[in-house]
Amino acid sequence: MSEQRRPKILMIYTGGTIGMKENPVTKALEPFDFNHLLDNVPKLKKLDYDISHHQFRTPIDSSDMNPEHWSHIVRVIADNYEVYDGFVVLHGTDTMAYTASALSFMLQRLSKPVIITGSQLPIGEVRTDGEENLITALQIAAARDSDGKPMVREVAILFENYLWRGNRSTKKSADNFDAFRSNNYPHLAKIGLDITFNKDVLWRGTVFGEPLDVHYAMDTNVVYLDLFPGIQENIIRSVLNIEGLKGVVMKTFGAGNGPSDPWFGEAIRDAVNRGLVIMNITQCANGEVDPYRYMSGLELAQTGVVPGHDLTSEAAITKLMYLFGCDMKAEQVKKYMQTDLCGEMS
Ligand code: ASP
């Protein structure tokens, strides 16, 4: 693209605190429309960008986000992919890491920026973090490398002072402006006086200009099974026997360990033999599952539980939905759950 052309950015407004207003009666924050948001960021006009927007008919609190909404976002990006240089998705923080992970899988061979941002305080509030986040997200979506290609060619979360890989991110604080972290992967950019990209860690797995490979179907026959000392056999067995269940993200202790009670191993083995895909994901914020470090982890691996390495739990559950959504059989899903598709695992 020539250096003179103004960057063309599409903003997709889904809702979230950034566009919310206080209900005068209940005092609770409620989603509001996009014009309210634009009215509160007059600085947007100072950016010499060609900005268009698409908004959800009814903006939502991201606690209501679901795979149909993800498909909606994906469709808007796919329909406009050739026309725009980059995309900024405005989204609530609560499920932002799930959406970022899901979009990264649904938008295979992405080579343009999809920058997701939001805020902890509504844009209309004096101390809002929304204005900075929105403007920085737009600047990142417009950023080019020395060849004029997009600097960021992946789904990323911009929040406060950092840009994080979307499928490596986790919400770490309910009330801090610095609300996201990627515990097992470095930041993609640091926001200070300038935006400093960490060029060596940006995703370059797709050749720029390759056609986007879009997937809409997500299979939600999946569940989290969070272990804790004292968890009972009947509880584990009833989770593993849920009708229609295909995939389980089992959140284990430390390096991927679980109880050594014989009933536990038997329940897991039964489920694996019935064709369930059970992923081993650590409950720890950082580090990875190493099934060979302890006997208790090794036993799980021997029952057929799949080591999830350093996947976040958000990436693990959305990747299962994506792979089953592609109509894959359990064996294929197990293989791809251990293969890096778009920078989600080391
Ligand atoms: N509940 C809000 C949401 O996720 C929180 C936020 O946006 O920060 O939509």
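Residues numbered from 1 in each chain as written. Predicted model: local features only at pLDDT ≥ 70, side-chain atom pairs only at ≥ 80, totals over all residues. Heavy atoms only, no water.

Draft legend 1. Structural view of the overall build of the protein. In terms of regular secondary structure, the protein is built from nine helices and 18 strands. In terms of C-alpha radius of gyration, the protein reaches 21 Å, essentially the compact-globule figure of 20 Å for 346 residues. Along the first, second and third principal axes, the C-alpha set of the protein runs to 65 × 55 × 35 Å. Looking at the protein as a whole, 54% of its 346 residues are labelled buried. Accessible surface, the protein as shown: approximately 15,300 Å² in total, 48% of it carbon and sulfur. Distance from the positive charge centre (34 side chains) to the negative charge centre (44 side chains) of the protein: 4 Å. (Helix = DSSP H or I, 4+ residues; strand = E, 2+ residues; numbered from the N terminus. Rg over C-alpha atoms; globule rule 2.2 N^0.38 Å. Buried < 20%, exposed > 50% of the residue type's maximum accessible area, 1.4 Å probe, protein only. Areas by Shrake-Rupley, 256 points an atom, 1.4 Å probe, with all protein chains shown as cover. Lys, Arg positive; Asp, Glu negative; His and termini not counted. Charge placed at Lys NZ, Arg CZ, Asp CG, Glu CD.)

Draft legend 2. Examining the packing of helix 5 (residues 233-240) against helix 6 (residues 262-273) more closely. Closest axis-to-axis distance for the helix 5/helix 6 pair is 10 Å, and the angle between their directions is 5°. Classed by the angle they form, the pair helix 5 and helix 6 counts as roughly parallel. Residues Glu233, Ile236, Arg237 and Leu240 of helix 5 lie in contact with helix 6, whose contacting residues are Trp263, Phe264, Glu266, Ala267, Ile268, Asp270 and Ala271. A breakdown of the residues in the contact of helix 5 with helix 6 according to their chemical character gives seven nonpolar, no polar and four charged. (Axes fitted to C-alpha atoms, helices over the stretch in contact; angles between N-to-C directions. Parallel < 35°, antiparallel > 145°, perpendicular 65-115°, else oblique. Contact = heavy atoms within 4.5 Å. Nonpolar A, V, L, I, M, F, W, Y, C, P; charged D, E, K, R; others polar.)

Draft legend 3. Broad picture of the environment of arginine 293. Along the chain, the position of arginine 293 falls in the loop between strand 17 (277-282) and helix 7 (295-302). Spatially, the C-alpha atoms of arginine 293 and alanine 271 are 24 Å apart, while their sequence positions differ by 22 residues.

Draft legend 4. Representation of the pairing of strand 17 in the model. Summarising burial for strand 17: six of the six residues are buried, a large majority. Residue alternation in strand 17 divides its side chains into two sets, Val277, Met279 and Ile281 and Ile278, Asn280 and Thr282, and both sets are buried. For strand 16 (residues 247-252) and strand 17, the ladder comprises six bridges, and the chain directions are parallel. Bridging across to strand 17, valine 249 finds its partner in methionine 279. (Pairing = 2+ DSSP bridges.)

Draft legend 5. Examining the side chain of threonine 282 more closely. In this structure, threonine 282 sits in strand 17. A polar side-chain atom of threonine 282 sits 2.5 Å from the main-chain carbonyl oxygen of glycine 254. Here the side chain of threonine 282 touches cysteine 284 through a polar contact of 2.9 Å, landing on its backbone nitrogen. Setting aside anything within four residues of it in sequence, one finds threonine 282 in contact with Thr252, Gly254, Gly287 and Val289. (Polar contact = N/O pair within 3.5 Å; in protein donor to acceptor, adjacent residues only side chain to side chain.)

Draft legend 6. Quick peek at the site of the ligand. Neighbouring the ligand are the residues Gly16, Thr17, Met20, Asp61, Ser62, Gly92, Thr93, Asp94, Ser119 and Gln120. For the ligand, an oxygen atom lies 2.9 Å from a polar atom in the side chain of threonine 17. In isolation the ligand has 270 Å² of accessible area, and contact with the protein removes 90% of it. Here the shell around the ligand is built from residues that sort into one nonpolar, seven polar and two charged. (Near = heavy atom within 4 Å.)

Draft legend 7. Seen up close, the pairing of strand 1 (residues 8-15). Buried residues dominate strand 1, accounting for eight of its eight residues. Where strand 1 meets strand 5 (residues 86-90), five bridges bridge the pair, whose relative direction is parallel. Each bridged residue has a counterpart across the sheet, and for leucine 10 the counterpart in strand 5 is phenylalanine 87.

Draft legend 8. Quick peek at the pattern of salt bridges. Counted under the stated rule, the structure contains 17 salt bridges. Among the salt bridges present, the one from aspartate 85 reaches arginine 5, with a minimum N-O distance of 3.0 Å. Residue aspartate 85 is found in the loop between helix 2 (67-80) and strand 5, and its partner arginine 5 is found in the segment before strand 1; the two are separated by 80 residues along the sequence. The buried category is assigned to aspartate 85, whose relative accessible area is 9%. Its salt-bridge partner being aspartate 94, residue lysine 171 comes within 2.8 Å of it at the nearest N-O pair. Placement of lysine 171 in strand 10 (residues 170-171) and of aspartate 94 in the loop between strand 5 and helix 3 (96-106) is noted, with a sequence separation of 77 residues between them. What makes lysine 171 partly exposed here is its relative accessible area of 22%. Here the salt bridges share partners, and the residues they tie into one network are Arg5, Asp85 and Arg144. (Salt bridge = Lys/Arg side-chain N within 4 Å of Asp/Glu carboxyl O.)

Draft legend 9. Representation of the sheet that holds strand 15 (residues 222-226). If you trace the four strands from one edge of the open sheet to the other, you get 15-16-17-18, paired in parallel fashion. Of all the strands in the sheet, just strand 15 and strand 18 (306-307) have a single pairing partner and so form its edges. The pairing of strand 15 with strand 16 spans five bridges and is parallel. Opposite leucine 225, over in strand 16, you have methionine 250 as the bridge partner.

Note that every value here comes from positions in space, so none of it alone points to a role or purpose.
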